[in-house]
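Each chain, written out:
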Amino acid sequence: DKNIINISPDSKFQLEKYEYNEKANKKGAILNVIYGKVRATVTQKYDGEENKFQVKTKSSVAGVRGTDFMVSYSQTTNTSKVVTFEGRVEVGSGLDATGRIQNPVVVDPGQFT
């Protein structure tokens, strides 16, 4: 699908969901960073409603529509960090029952949370 995922050494990562059907315009991914760092360069456009690309950790969820960003999680401190290099990322504390990010904040290029 032309998206690129880079997983740093000493990281544990799980691909929870992956769907890509170009003809039906159905696509989605849920990546789980158990610990360590994952950088995603997302070239596909996701609408955030029907088609979602999300990276989650134990303490946060990041949702994108088309961007370049990195998510890290420390088991020691139980903290997540999201850095945006290009595009825009919504980050929140988790997902609600419909799969939407709870209490999202926007992280623009050059920013982190």
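Residues numbered from 1 in each chain as written. Predicted model: local features only at pLDDT ≥ 70, side-chain atom pairs only at ≥ 80, totals over all residues. Heavy atoms only, no water.

Explanation requested: the overall build of the protein chain in the structure shown.
Counting its regular elements, the protein chain contains 0 helices and 9 strands. Along the protein chain, helices (α) and strands (β) appear in the sequence β-β-β-β-β-β-β-β-β when read from the amino end. Scaling as 2.2 N^0.38, a compact globule of 113 residues should have a C-alpha radius of gyration of about 13 Å, and the protein chain matches this with 13 Å. Relative to its 113 residues, the protein chain shows a buried fraction of 37%. Contacts in the protein chain between residues far apart in sequence, at least 24 positions, make up 46% of those at least 6 positions apart. Approximately 6,600 Å² of the protein chain is accessible, and the part contributed by carbon and sulfur atoms is 47%. Where the 16 positive side-chain charges of the protein chain centre and where its 13 negative ones centre are 2 Å apart. (Helix = DSSP H or I, 4+ residues; strand = E, 2+ residues; numbered from the N terminus. Rg over C-alpha atoms; globule rule 2.2 N^0.38 Å. Buried < 20%, exposed > 50% of the residue type's maximum accessible area, 1.4 Å probe, protein only. Contact = heavy atoms within 4.5 Å. Areas by Shrake-Rupley, 256 points an atom, 1.4 Å probe, with all protein chains shown as cover. Lys, Arg positive; Asp, Glu negative; His and termini not counted. Charge placed at Lys NZ, Arg CZ, Asp CG, Glu CD.)

Help me out: how do you make sense of the nonpolar core in this one?
Note that soluble globular proteins tend to have their nonpolar side chains buried in a common cluster. Ranked by internal contacts, the top residues of the largest apolar core, which has 18 residues, are Phe 53 and Phe 69. Counting only elements with at least two residues in this core, the list comes to strand E3 (26–41), strand E4 (53–56), strand E5 (61–64), strand E6 (68–74) and strand E8 (89–92). Per-element tally for this core: the top contributor is E3, with 5 residues. (Core = buried A, V, L, I, M, F, W, Y, C linked by side-chain atoms within 4.5 Å.)

Any chance you could explain the environment of Ala 97 here in plain terms?
The topology assignment puts Ala 97 in the loop between E8 and strand E9 (105–107). Residues Ala 97 and Ser 72, 25 residues apart in the sequence, show an inter-C-alpha distance of 24 Å.

Where do I start with the pattern of salt bridges in this structure?
Where side chains of opposite charge bring their charged atoms close, a pairing between them can arise. Scanning all chains against the criterion turns up 3 salt bridges. In this structure, the salt-bridge partner of Lys 56 is Glu 16, at a minimum N-O distance of 3.1 Å. Taken together, the residues span a long stretch of sequence, with Lys 56 in strand E4 and Glu 16 in strand E2 (residues 12–21) at a distance of 40 residues. Residue Asp 68 pairs with Arg 39 through a salt bridge whose shortest N-O separation is 2.7 Å. Taken together, the residues Asp 68 in strand E6 and Arg 39 in strand E3 connect sequence positions 29 residues apart. For Asp 68, a relative accessible area of 12% corresponds to the buried category. Take Arg 39: its relative accessible area is 30%, and that puts it in the partly exposed class. (Salt bridge = Lys/Arg side-chain N within 4 Å of Asp/Glu carboxyl O.)

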